[in-house]
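# Structural description and commentary
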Number of protein chains: 2
Amino acid sequence: MTISESNLNASSSTWLGTRWPIIQAPMAGVQDAALAIAVSNAGGLGSLPAAMLSLDQLDAQMRQLSTGTLQPYSVNFFCHVPPMVDEARELQWRTALAPFYREFGIDADAIPAGPGRAPFNDASAEVLEAYRPPVVSFHFGLPAPHLLKRVRSWGSRIFSSATTIDEARWLEAQGVDAVIAQGLEAGGHRGMFLTEDLSTQLGSIALLAQVKRAVRVPVIAAGGITDRAGVMAAFALGADAVQAGTAYLLADEALTSPMHRAALQSKANEHTALTNVFTGRPARGIVNRLMRELGLISAAAPQFPLATSAMAPLRKLAEAQGSGEFSPLWAGQNAEAAQAWPAARITAYLAGTEGLQP
Amino acid sequence: MTISESNLNASSSTWLGTRWPIIQAPMAGVQDAALAIAVSNAGGLGSLPAAMLSLDQLDAQMRQLSTGTLQPYSVNFFCHVPPMVDEARELQWRTALAPFYREFGIDADAIPAGPGRAPFNDASAEVLEAYRPPVVSFHFGLPAPHLLKRVRSWGSRIFSSATTIDEARWLEAQGVDAVIAQGLEAGGHRGMFLTEDLSTQLGSIALLAQVKRAVRVPVIAAGGITDRAGVMAAFALGADAVQAGTAYLLADEALTSPMHRAALQSKANEHTALTNVFTGRPARGIVNRLMRELGLISAAAPQFPLATSAMAPLRKLAEAQGSGEFSPLWAGQNAEAAQAWPAARITAYLAGTEGLQP
């Protein structure tokens, strides 16, 4: 077996429609259309994270994205089932947070219980239809069949994340155009949707190899791939494209906060962990004080995305003091390889364009 | 970057002394010298697991190994600090196991509290000295300095496993000749020794990339590498050799039990997990009834290796009934790629010898 630049380029042009088989992972909270535009214009597939956008914001971002590049791009939505508020659990959660509220002088009774992130729905489809994005990707499974059908009707291709072999098979059976194999190393939210058992989650090498054997649709490797060597490893394992998030966290066009950037560029980047304390769902971030003191996985945390509301004022006050100890510092394992470069340069580096090896 | 057969071969002959840069991982309980001999004679580095051998057995196995091959081989020891027996915890543990004792009609009071696995010590060094093995590898850190010095004095090269970047740096500072980067996908015991925090453990892609940047000694990739594609991926990430265990579990020369082989060849291989219920230390195996019912990580389990004694009669009776539900079915993630072949063929396949791609 020989892996070379020419294989890499050839494989990309046949199915993804981009110059390079490199996808910038959608990262809600740390980027907007600007990063996606830069990546798409550089020959990768830029992604807009829509999970935290209002309908107006979605429309504005889609307008910016669709006019900012003539190249293919992707827009990403969450498709969780919004939970009912569980008052008892909310109380338990606020009790767990009480010592921090006291420390920061926060009046717990004044914190609104907000709705948090909304899943993809008819209203978001309505906004999206005007733009007919080349790719729509989903996290936490897929939306209801009528929504999926609607997205398909515009000609958008549909991608979704699998964290187990069963999830990959399920997604293929629903007719997705590509499966994103999200290895355990990946930063941000685990896309898991057929199980809540974290012991089922597979490292990138193991997941990618097995998903490639299990499905026929293209498989996109994600998780721990932050440098050119990781891209080559993914292609050796049969990946049809690579999705990199952490690699873009320090990009000039990313909106990553100064404390998040500082953590990514410190030895703290060597210890990331899965935690549910920020949103209610397991997600990988750099270990900080909140994670250490509440425990990484807290039984008290309300269901996703309800855990977020009670955390918001803590995060805001800590950040105002220059501290990231109460903020989700999402990052994958191998964050130390992330480069503070323009997104175009990061894309070219991951793609192996000559002269850009660091 | 281009990876080819020629790179692979060239890199091997320079440092490992074998024809191929492929190491068969030592697997206590499922193999003896026969597997190591077959691998070494096939051009890989065969390994004898010595952790569960008496001194007499060690001597006999070393004699068999050293006369069975003229090629380099390795012998592996654990180097944990033997714990004091904690009577309260032992009682708690036997209470947790009581329902299973009742089910199998076992008299709990008749179970001896055995010493379990012994670490590398002066007596084992005494046996080893007669053979001066080309490589001695350690798990759970390194033995005491005087023992390490003694092993070095014979000219044996010393390898040990790192599961974090800090462990890799520590091992290099102690002067090891190579670091085995044991990714989270790996089957059997985690080699972790500077931490007991499982959240610090890194997937193979992330660990290998970072360990390569952190140390100058050769780095051996381990964890989830069960097929040729995995080997190529490891080399893309800069590995100087690959250590594969699960890939050899179905080898003709392995002593893997029929129920273990059956589990490895069933859909059960898709769900392995880290558990401490078999020995007291976290190790990855195929999820079975004992793991499900006790919980993967049990606070009641005595310290390694003391948890083993109370489990022994359960395992023995269940196995006599053809059940592997109470046995450690050690396996890495990606076990489905393991092949029931002679070890020489597995070695040639992993090494990429032409004509042996399945």
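Residues numbered from 1 in each chain as written. Chains lettered and ligands numbered in written order. Predicted model: local features only at pLDDT ≥ 70, side-chain atom pairs only at ≥ 80, totals over all residues.

## Points about the environment of B:N269
Residues and elements named next belong to chain B. The following threshold applies: Secondary structure is summarised from DSSP: a helix means a run of H or I of at least four residues, a strand means a run of E of at least two, and numbering begins at the N terminus for each. Any two residues are considered in contact once their C-beta atoms, placed from the backbone, lie within 7 Å.
The residue N269 is located in the loop between α10 (258-264) and β10 (272-275) in this model. Along the chain, N269 and A331 lie 62 residues apart, while their C-alpha atoms are 7.9 Å from each other. Not counting residues within four places of it along the chain, the set of residues in contact with N269 comprises A263, L264, I286, A331, A335 and E336.

## Concerning the relation of the copies chain A and chain B
Rules: Copies overlap after least-squares fitting; the atoms used are the C-alpha atoms of residues with pLDDT of at least 70 in both.
When chain A is brought onto chain B, the operation consists of a screw motion whose angular component is 180 degrees and whose axial shift is 0.0 Å, with 0.0 Å RMSD remaining. Expressed as an axis order, the relation between the two copies is that of a two-fold axis. Judged by C-alpha distance, A:A233 is the residue of chain A that lies nearest the rotation axis, at 1.9 Å.

## Quick word on the domain arrangement of chain A
How big an interface is tends to be reported as the loss of accessible area on association of its parts. Residue and element names in this part refer to chain A. Threshold: For each domain, the first and last residues come from an automatic or database assignment. Basically, the charged four are Asp, Glu, Lys and Arg, the nonpolar ten are Ala, Val, Leu, Ile, Met, Phe, Trp, Tyr, Cys and Pro, and anything else, Gly included, counts as polar.
Entries for chain A in the domain assignment read domain 1 (1-80 + 117-249 + 337-353) and domain 2 (86-115 + 257-330). Between domain 1 and domain 2, the C-alpha centre-to-centre distance is 26 Å. Each partner contributes to the interface: domain 1 provides 12 residues, whereas domain 2 provides 13 residues. Taken together, the residues that form the side of domain 1 that touches domain 2 break down as 6 nonpolar, 4 polar and 2 charged.

## Notes on the interface of chain A and chain B
The partner chain B presents 38 residues to the 38 residues of chain A that form the contact. Among the elements that make up the side of chain A that touches chain B, the one with the highest residue count is helix α9 (residues 228-236) of chain A (6 residues). Of the residues belonging to the side of chain A that touches chain B, the class tally is 17 nonpolar, 16 polar and 5 charged.

## Some thoughts on the nonpolar core
Nonpolar side chains in soluble globular proteins tend to end up buried together. Operational definition: In plain words, the nonpolar core is the set of buried Ala, Val, Leu, Ile, Met, Phe, Trp, Tyr and Cys residues that C-beta atoms within 7 Å link up. Exposed residues have 12 or fewer other C-beta atoms within 10 Å of their own C-beta, buried residues have 20 or more, and residues in between are partly exposed; the C-beta atoms are placed from the backbone.
Membership of the largest hydrophobic core comes to 235 residues, with the highest contact counts inside it found for A:I220 and B:I220. Discounting chain neighbours no more than four positions away, the residues touching A:I220 are A:I23, A:F159, A:A178, A:V179, A:I180, A:A181, A:A239, A:D240, A:A241, A:V242 and A:Q243.

## Structural notes on the sheet that holds strand β7 (residues 188-189) of chain A
All names here are of chain A. This is how it is decided: Pairing between two strands requires that DSSP report at least two bridges joining them.
Pairing is antiparallel across the open sheet formed by 3 strands, whose spatial order is β7-β11-β10. Of all the strands in the sheet, the pair left with one neighbour each is β7 and β10 (272-275). Two elements, β10 and strand β11 (residues 283-286), share 4 bridges in a ladder whose sense is antiparallel. Looking at β11, one finds that L274 is bridged to R284.

## Some details on the confidence of the model for chain A
Residues and elements named next belong to chain A. Note the following rule: As a per-residue measure, pLDDT tells how confident the predictor is, with possible values from 0 to 100.
When pLDDT is averaged across chain A, the result is 93; 94% of the residues are at 70 or more. Scored below 50 in pLDDT, residues 1-7 makes 13 contacts in the model with residues more than four places away or belonging to other chains. On the interface metric, ipTM, the complex scores 0.92, and its pTM is 0.94.

## Quick notes on helix α12 (residues 307-320) of chain B
Residue and element names in this part refer to chain B. Under the convention used in this document: Expected span of a helix, by definition, is 1.5 Å for each gap between consecutive residues, and there is one gap fewer than residues.
In this model α12 runs 21 Å from its N-terminal to its C-terminal C-alpha over 14 residues, within 8% of the 20 Å that 1.5 Å per residue would give. The complete set of buried residues in α12 reads A307, T308, A310, M311, P313, L314 and A318. Each element contacted by the buried residues of α12 is listed here: α4 (87-104).

## Quick notes on the pairing of strand β6 (residues 178-182) of chain A
Residue and element names in this part refer to chain A. Convention followed: When the strands point away from the viewer and the connection leading from the first strand across the helix to the second strand turns clockwise, the crossover is called right-handed.
Summarising burial for β6: 5 of the 5 residues are buried, a large majority. Burial along β6 is two-sided: the face carrying A178, I180 and Q182 and the face carrying V179 and A181 are both buried. As paired elements, strand β5 (residues 157-162) and β6 share 4 bridges and run parallel to each other. Note that in β6 the partner of S160 across the bridge is V179. In terms of handedness, the path from β5 via helix α7 (residues 165-173) over to β6 forms a crossover that is right-handed. Of the pairings in the sheet, the one linking β6 to strand β8 (residues 219-222) comprises 4 bridges and is parallel in character. The residue of β8 that forms the bridge with A181 is A221.

## With respect to the packing of helix α3 (residues 55-68) of chain A against helix α5 (residues 122-129) of chain A
Residues and elements named next belong to chain A. Selection criterion: Here an angle of 0 to 180 degrees is reported between the N-to-C directions of two axes, which are lines fitted to C-alpha atoms, with helices fitted over the stretch in contact. With respect to orientation, any angle under 35 degrees is reported as roughly parallel, any angle over 145 as roughly antiparallel, any angle of 65 to 115 as roughly perpendicular, and every other angle as oblique. Crossings are sorted by hand: turned counterclockwise from the far helix by less than a right angle, the near helix makes the crossing left-handed, and turned clockwise it makes it right-handed.
The geometry of α3 relative to α5 is characterised by a closest axis approach of 10 Å and an angle of 25 degrees between their N-to-C directions. One element, α3, and the other, α5, form an angle in the roughly parallel class. Judged by the sense of rotation from one axis to the other, the crossing of α3 with α5 is right-handed. Only A123, S124 and V127 of α5 make contact with α3, whose side of the interface consists of L55, L58, D59 and M62. Its residues assigned to classes, the contact of α3 with α5 comprises 5 nonpolar, 1 polar and 1 charged.

## Quick word on the sheet that holds β10(B)
Residue and element names in this part refer to chain B. In spatial order, the strands read β7-β11-β10; together these 3 strands make up an open sheet with antiparallel pairing. Where the open sheet ends on each side, the last strands, each with one partner, are β7 (188-189) and β10. Direction of pairing for β7 relative to strand β11 (residues 283-286): antiparallel, over a ladder of 2 bridges. Bridging across to β11, H189 finds its partner in A283.

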